[in-house]
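# Coordinate inspection notes
Chain residues, written in single-letter form:
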Amino acid sequence: MTTSTAPRKSARKAARPAESAGSATTASSIESRIAAEDPGSLRTLYRDMLLVRRFEERTAQSYQQAKIGGYCHLNLGEEATVVGMGAAMRPTDYLFTNYREHGYALAKGIEPGRVMAELYGRSTGTSKGWGGSMHMYDTATRLLGGYAIVGGQVPLAVGAALAIDYRGGDDVVICQMGEGTTNIGAFHESLNIAALWHLPIVFLVINNQTGMGTTVEKSSAEPDLWKRASAYRMRGERVDGTDVLAVRDVASELIETARREGKPALLEAVSYRLKGHSVVDPAKYRSTEAVSVARENDPILRWHAALLEAGVLTEDSVAAIDNEVAAAVAAAVEFADASPHPEPSSLFDFNYATPVAGDSRRLPADPLFTH
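Overview of the structure.

Cut-offs applied
- Residues numbered from 1 in each chain as written.
- Predicted model: local features only at pLDDT ≥ 70, side-chain atom pairs only at ≥ 80, totals over all residues.
- Heavy atoms only, no water.
- Helix = DSSP H or I, 4+ residues; strand = E, 2+ residues; numbered from the N terminus.
- Buried < 20%, exposed > 50% of the residue type's maximum accessible area, 1.4 Å probe, protein only.
- Lys, Arg positive; Asp, Glu negative; His and termini not counted.
- Salt bridge = Lys/Arg side-chain N within 4 Å of Asp/Glu carboxyl O.
- Polar contact = N/O pair within 3.5 Å; in protein donor to acceptor, adjacent residues only side chain to side chain.
- Contact = heavy atoms within 4.5 Å.
- Pairing = 2+ DSSP bridges.
- Right-handed = clockwise from strand over helix to strand, strands pointing away.
- Axes fitted to C-alpha atoms, helices over the stretch in contact; angles between N-to-C directions.
- Core = buried A, V, L, I, M, F, W, Y, C linked by side-chain atoms within 4.5 Å.
- Parallel < 35°, antiparallel > 145°, perpendicular 65-115°, else oblique.
- Left-handed = near helix turned anticlockwise from the far one by under 90°.

## Digging into the environment of leucine 119
- Tracing the backbone through its elements, the reader meets leucine 119 in helix α5 (residues 112–119).
- Leucine 119 gets classed as buried once you look at its relative accessible area, which sits at 4%.

Rendered as structure tokens:
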């Protein structure tokens, strides 16, 4: 007797296509919002988005040159969300991220050279060269990771929010994650605790609609991820992740509410990943149509066109920004190339925050006992 392994067809109607998700922004509304902004600030947003794009493109090239090892995940296509969230935060606010965090490190104010040096595994990097692509960390700017395990950052971010509340501070924690994280237990436990204890934290879900290689509709019974906040009587919002002003404005409101009132929130930013899950993923699981939609919604091209139309950018200012960003990325690569590798003797220096009696510092080739 043989049995079919094909899944049964659901009686429910299929969820609406992911491509239609997110808040639609009309050209007129973009024009009106641009007109209300300081032109210099708008150019800065464009410059910061372009820096993330060019930095990540150079990162991919360095990976192909074997200057970067291990896993490597890029923010290509998510620049508006990265920069918009960075613009909404105070410098003293804390940021926890997953492994797709190079752009967030730049948006948090870490020098591009230190970020690239970490990717190169050099001692001048944000984690002294021991963390690499997935483990950026910098206490000065309050970027507290970089976590390779899916959802590993979420309970820790809630703990940081509890510490802020316990000490009576007014900082806020932003906890960034991918859409796949919303299906793990730690996500739900963390939202529950944050809501119960009124903690100052905003959970940022980056919905790039493909997860590692599976669409949201095929992995989540409720593909409208922002609605999951309602289970914990928490405010949930969805924003167009390709619109830098929309991300900044919605994130600012949620962050300030968390700061003033201790009300956590969930923000779903819908964007399009322009490349595969990692630099070695050819993304053959994506249809031609999906790739075309992603390219049509390139946040930098959209922002570039809108600012040119509004007269905020000119061909000359675009060229100047291009040159500035290119020079910054080139300098970052030069800094990383010239930086030393960490000494093997420093391997155990940061196992513990303070010295621990009996801490073993034996390297693999060292003998168990010395005479």
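## Structural notes on the side chain of arginine 273
- On the secondary structure map, arginine 273 appears in the loop between β5 (265–270) and α10 (288–296).
- Aspartate 281 provides the closest opposite charge to the buried, unpaired arginine 273, separated from it by 4.3 Å.
- Here the side chain of arginine 273 touches threonine 210 through a polar contact of 3.3 Å, side chain to side chain.
- For arginine 273, the side chain forms a polar contact with the main-chain oxygen of lysine 275, separated by 2.9 Å.
- Every residue in contact with arginine 273, bar those within four places of it in the chain, is listed here: Leu76, Arg100, Asn208, Thr210, Gly211, Met212, Asp281, Tyr285, Arg286 and Ala294.

## Thoughts on the pairing of strand β3 (residues 201–207)
- Of all seven residues in β3, seven are buried; the element is thus mostly enclosed.
- Judged by which residues are buried, β3 turns out to be covered on both faces: Ile201, Phe203, Val205 and Asn207 on one side and Val202, Leu204 and Ile206 on the other are all buried.
- Of the pairings in the sheet, the one linking strand β2 (residues 173–178) to β3 comprises six bridges and is parallel in character. Of the residues in β3, the one forming a bridge with isoleucine 174 is valine 202.
- Read as a crossover between parallel neighbours, the route from β2 over helix α7 (residues 185–196) to β3 is right-handed.
- Sheet topology places β3 next to β5; six bridges connect them, and they run parallel. Among the inter-strand pairings, phenylalanine 203 is bridged to a residue of β5, identified as leucine 266.

## What to know about unusual backbone geometry
- Residue glycine 145 is joined to glycine 146 through a cis peptide bond whose omega torsion reads 20°.
- Here glycine 146 shows up in the loop between α5 and α6 (153–167).
- Even without a glycine there, the phi angle at glutamine 209 is positive, about 75°.
- Relative to the helices and strands, glutamine 209 is located in the loop between β3 and α8 (216–219).
- Judged by its relative accessible area of 6%, glutamine 209 is buried.
- A positive phi angle is found at alanine 283, which is not glycine, with a value near 60°.
- By secondary structure assignment, the location of alanine 283 is in the loop between β5 and α10.

## Comments concerning the sheet that holds strand β1 (residues 94–96)
- One open sheet holds the five strands; their spatial order is β1-β2-β3-β5-β4, and the pairing between them is parallel. Single-partner strands in this sheet number two, and they are β1 and β4 (235–240). Here the strands of the sheet are splayed against their neighbours by 20° on average, with no regard to which way each runs.
- Bridge count between β4 and β5: six bridges; the pairing is parallel. Of the residues in β5, the one forming a bridge with valine 239 is alanine 269.
- This element, α6, spans β1, β2 and β3 of the sheet and lies at about 170° to β2.

## Quick notes on the nonpolar core
- Core analysis: the biggest nonpolar cluster contains 60 residues, and Ile34, Tyr46, Ile174 and Trp303 have the highest contact counts within it.
- If sequence neighbours within four positions are ignored, tyrosine 46 has contacts with Ile300, Trp303, His304, Leu307, Leu313, Val318, Ile321 and Asp322.
- Val158, Ile164, Phe187 and Ile201 belong to the second largest nonpolar core, which has 26 residues in total.

## A closer look at the pattern of salt bridges
- All chains considered together, the criterion is met by 25 salt bridges.
- Residue arginine 238 is joined to glutamate 268 by a salt bridge in which the shortest nitrogen-to-oxygen separation is 3.0 Å. Of the two residues, arginine 238 sits in strand β4 while glutamate 268 sits in strand β5, which places them 30 residues apart along the sequence. Exposure class is identical for arginine 238 and glutamate 268. Each is buried.
- Salt-bridge contacts for aspartate 249 lead to arginine 248; the nearest nitrogen and oxygen are separated by 2.9 Å.

## Topic: the side chain of arginine 238
- Residue classification places arginine 238 among the buried positions, given a relative accessible area of 15%.
- A polar side-chain atom of arginine 238 sits 3.3 Å from a polar atom in the side chain of aspartate 224.
- Side chain to side chain, arginine 238 and glutamate 268 meet in a polar contact 3.0 Å long.

## Regarding the environment of tyrosine 71
- For tyrosine 71, the position within the fold is in the loop between α2 (39–64) and α3 (79–88).
- Placed 61 residues apart in sequence, tyrosine 71 and glycine 132 show a C-alpha to C-alpha distance of 8.6 Å.
- Not counting residues up to four positions away in its chain, the partners in contact with tyrosine 71 are Ser133 and Met134.

## Quick notes on the packing of α3 against helix α9 (residues 244–261)
- At their nearest, the axes of α3 and α9 sit 8 Å apart, and the two run at 40° to each other. In terms of orientation, α3 and α9 fall into the oblique class. Classified by chirality, the crossing of α9 by α3 is right-handed. Of α9, the residues touching α3 (which contributes Ala80, Thr81, Val83, Gly84, Met85, Ala87 and Ala88) are Val244, Val247, Arg248, Ala251, Ser252 and Ile255.

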